[in-house]
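Residue-level structural notes
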Amino acid sequence: MFEKIEFINLSFEYEGRKILDNFNLQIKRGEKIAIVGSSGEGKTTLIRLMLRFISPHSGKILVNEKPISEFENWYKMLGVLSQKAHIFNRSLRENLLIANPRASDKEMYEALEKAGLKKFMQTRNLDTILGNEGGFTSGGERTRIALARLLLRKPEIVILDEPLEGVDKLVEKEVIENIRDFVKDKTLILISHRFSILSLTEEFAVLENGKIIEKGKYHEHSEDSLLKQFFKAEQELTEKFRKDDVV
Ligand SMILES: Nc1ncnc2c1ncn2[C@@H]1O[C@H](COP(=O)(O)OP(=O)(O)OP(=O)(O)O)[C@@H](O)[C@H]1O
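Presented here is a report on the structure given in the accompanying data block. The model shown is predicted, which means the values in this text are computed figures rather than measured ones. (Residues numbered from 1 in each chain as written. Predicted model: local features only at pLDDT ≥ 70, side-chain atom pairs only at ≥ 80, totals over all residues.)

Brief notes about the site of the ligand
The ligand sits among Tyr-14, Glu-15, Ile-19, Gly-37, Ser-39, Gly-40, Glu-41, Gly-42, Lys-43, Thr-44 and Thr-45. Sorting elements by how many residues they give to the shell around the ligand places helix 1 (residues 43-50) first, with three residues. Within the shell around the ligand, the residues separate by chemical class into two nonpolar, six polar and three charged. (Near = placed C-beta within 6 Å. Helix = DSSP H or I, 4+ residues; strand = E, 2+ residues; numbered from the N terminus. Nonpolar A, V, L, I, M, F, W, Y, C, P; charged D, E, K, R; others polar.)

Laid out in structure tokens, this is it:
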């Protein structure tokens, strides 16, 4: 059973450019944390390290106090929605069964609906072929198919990297509530710029210059905290975009 993950003095660089620099963070079972930070600060890199797609240059990642590489069943515990969801040139059904080979058609339809694909399914069915890299679908649809795939799994830890990418405003609220329900009894690590989805977490950590510069519960932060400033800037930007949309 997952108890905690610890990043200890973790450093990582791309071509001599430091992305994570003596990074430290601990996430315990059941915690729900959003990692926020400007574009390019290394949030996705952190997830890729967690998934062991890349290795740190120094420092370590421990799961239940053991090096992550020695932790059996690590992948089985994870449910991940990444920015580059992999969609196979197979049927929608086959793409979903990867997550849970025992899922029934009914469960698959439910997951697709929860992921905001109700309208999409009005003109498709589970036998629809998705194309090479999901090429017969839009970017937003691919993210939602990947979200439906995640909803069919039963992971202990859920990692979401911009899960609302391509989810339009009409279904956004509903999708957020479905994700909220899904992560209720799980550990959640969330990365997003979208203000609305950050309501899924109680805790926030701000990543800047390779380190966590501020961490805590959102409501405990003072008006001039970096966290609040970050959100304010994001919110102002979102509102500006919304206004521009209307115009
Ligand atoms: N494979 C790579 N080779 C070289 N540099 C890379 C590579 N992948 C990412 N980077 C760089 O590393 C930095 C961190 O990237 P990362 O994707 O982790 O940022 P992020 O915080 O997730 O950004 P965003 O919010 O825009 O998704 C960026 O400057 C990026 O250009």
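Points about the nonpolar core
The biggest cluster of nonpolar side chains holds 57 residues, and the ones touching the most others in it are Ile-35, Ala-115, Ala-148 and Leu-151. In contact with Ile-35, other than residues within four places in its own chain, are Lys-43, Leu-46, Ile-189, Ile-191, Ala-205 and Leu-207. (Core = buried A, V, L, I, M, F, W, Y, C linked by C-beta atoms within 7 Å. Buried ≥ 20, exposed ≤ 12 C-beta atoms within 10 Å, placed from the backbone. Contact = placed C-beta atoms within 7 Å.)

Concerning the sheet that holds strand 2 (residues 17-28)
Sheet strands pair via backbone hydrogen bonds, and the direction of the pair is either parallel or antiparallel. Taken together, the four strands give an open sheet; going across it, the order is 2-1-4-5, and neighbouring strands pair in antiparallel fashion. Each having just a single partner strand, strand 2 and strand 5 (66-67) make up the two edges of the open sheet. With five bridges joining them, strand 1 (residues 4-14) and strand 4 (residues 58-63) adopt antiparallel strand pairing. Across the sheet, Ile-5 pairs through a bridge with Val-63, a residue of strand 4. Packed on one face of the sheet, helix 1 meets strand 1, strand 2 and strand 4 and runs near 65° to strand 2. (Pairing = 2+ DSSP bridges. Axes fitted to C-alpha atoms, helices over the stretch in contact; angles between N-to-C directions.)

Description of the sheet that holds strand 3 (residues 32-36)
Across the sheet, which stays open at both edges, the six strands sit in the order 6-7-8-3-9-10 with mixed pairing between neighbours. In this open sheet, the two edge strands, each paired with only one partner strand, are strand 6 (78-81) and strand 10 (211-217). In this sheet, adjacent strand axes meet at a mean angle of 15° when their direction is disregarded. Bridge count for strand 3 against strand 9 (residues 203-208) is four bridges, and the pairing is parallel. For Ile-35, the partnering residue across the bridge sits in strand 9 and is Ala-205.

What about the pairing of strand 10?
Of the pairings in the sheet, the one linking strand 9 to strand 10 comprises six bridges and is antiparallel in character. Each residue of the ladder has a partner; that of Phe-204, found in strand 10, is Gly-216. If you look at the hairpin formed by strand 9 and strand 10, you'll find two residues sitting between the two strands, and Asn-209 has a positive phi there, around 50°.

Re helix 4 (residues 105-114)
For an α-helix, the turn length of 3.6 residues means that residues three or four places apart are oriented alike. All of the buried residues along helix 4 are Met-108, Ala-111, Leu-112 and Lys-114. Projected down its long axis, helix 4 shows its buried positions confined to an angular sector of 165°, all on one face. Exposed residues lying more than 90 degrees from the buried face of helix 4 are Asp-105 and Lys-106. Buried-residue contacts for helix 4 involve helix 3 (92-97), helix 5 (118-121), helix 6 (139-151) and helix 7 (169-183). Gly-116 occupies a position one or two residues after helix 4 and carries a positive phi of about 90°. (Arc of directions from axis to C-beta.)

Purely geometric numbers; function is a separate question.
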